[in-house]
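Given next are the chains, with one letter for each unit.
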Amino acid sequence: MIKPDAVRGGHIGAILDKINAAGFKIVAMKMTQLSKATAGAFYAVHKERPFYDELVSFMSSGPIVAAVLEKENAVDDFRKLIGATNPAEAEPGTIRALYATNVGENAVHGSDSDENATIESNFHFAGCDVFAD
Ligand code: CMP
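Rules used throughout
Residues numbered from 1 in each chain as written. Predicted model: local features only at pLDDT ≥ 70, side-chain atom pairs only at ≥ 80, totals over all residues. Heavy atoms only, no water. Helix = DSSP H or I, 4+ residues; strand = E, 2+ residues; numbered from the N terminus. Buried < 20%, exposed > 50% of the residue type's maximum accessible area, 1.4 Å probe, protein only. Near = heavy atom within 4 Å. Polar contact = N/O pair within 3.5 Å; in protein donor to acceptor, adjacent residues only side chain to side chain. Areas by Shrake-Rupley, 256 points an atom, 1.4 Å probe, with all protein chains shown as cover. Nonpolar A, V, L, I, M, F, W, Y, C, P; charged D, E, K, R; others polar. Salt bridge = Lys/Arg side-chain N within 4 Å of Asp/Glu carboxyl O.

### Some thoughts on the overall build of the protein
1) Next: Check the secondary structure of the protein and you find seven helices and two strands.
2) Next: Counting from the amino terminus, the protein carries its helices and strands in the arrangement α-α-β-α-α-β-α-α-α.
3) Next: The principal-axis extent of the C-alpha atoms belonging to the protein is close to 40 × 35 × 25 Å.
4) Next: Across the 133 residues in the protein, those meeting the buried criterion constitute 40%.

Here you go:
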């Protein structure tokens, strides 16, 4: 997901450019806005964390871009491309170093495993809207 801060900042195009340049194939994509309920469900794994309410408010505060990406080693390579969760700790040139504001408003989300990538793809897209090889 390209998060509400990066959409508000006008960074959709620049972020998609970096994703393409890094060799990812976009196989599904849409712009949408999460409700508090859907944002809460997406991040349910963080329900007990102190930042959960803030995260749900932020993620439902404006439109996002959801996408499904395909590549060999996609999860690890995407996490390298986006950089650390906290942009203050992200490597220079990573998407979060370039476009994130702080640890909460951190420009992008990437799945942390192939299993969660499938769950998160199904969260946003019907199977017929995913053009995977
Ligand atoms: P993301 O990769 O989408 O996964 C969980 C999100 O929770 C994370 O990015 C941040 O947006 C948010 N998050 C993680 N740690 C904190 C924190 N310490 N304070 C606020 N938000 C956080």
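There's more to say after this.
### As for the environment of Gly9
1) Next: Here Gly9 lies in the loop between helix 1 (4–8) and helix 2 (12–21).
2) Next: The exposure class of Gly9 is partly exposed, given its relative accessible area of 42%.
3) Next: For Gly9 and Arg96, which are 87 residues apart along the polypeptide, the C-alpha to C-alpha distance reads 13 Å.

### Remarks on the site of the ligand
1) Next: The full set of residues close to the ligand is Lys3, Tyr43, His46, Phe51, Leu55, Thr85, Arg96, Val103, Gly104, Asn106 and His109.
2) Next: Between the ligand and Asn106, the relevant distance is 3.1 Å, taken from an oxygen atom to a side-chain nitrogen or oxygen of the residue.
3) Next: In the complex, 79% of the free accessible area of the ligand, which totals 460 Å², lies under the protein chains.
4) Next: For the shell around the ligand, the per-class residue count stands at four nonpolar, five polar and two charged.

### Remarks on the pattern of salt bridges
1) Next: Applying the stated criterion across every chain, the model contains three salt bridges.
2) Next: Among the ionic pairs, Lys25 bridges to Asp133, the shortest N-O distance being 2.9 Å. Note that Lys25 is positioned in strand 1 (residues 25–32) and Asp133 in the segment after helix 7 (114–124), a separation of 108 residues in sequence.
3) Next: Lys25 sits in the partly exposed class, given a relative accessible area of 37%.
4) Next: For Lys80, the salt bridge goes to Asp77, with nearest N and O atoms at 3.9 Å. Remark: Asp77 and Lys80 occur in helix 5 (residues 74–82); sequence separation between them is three residues, near one turn of the helix.
5) Next: Under the relative-accessibility criterion, Lys80 is labelled exposed at 60%.

Nothing here speaks to function; it is geometry throughout.
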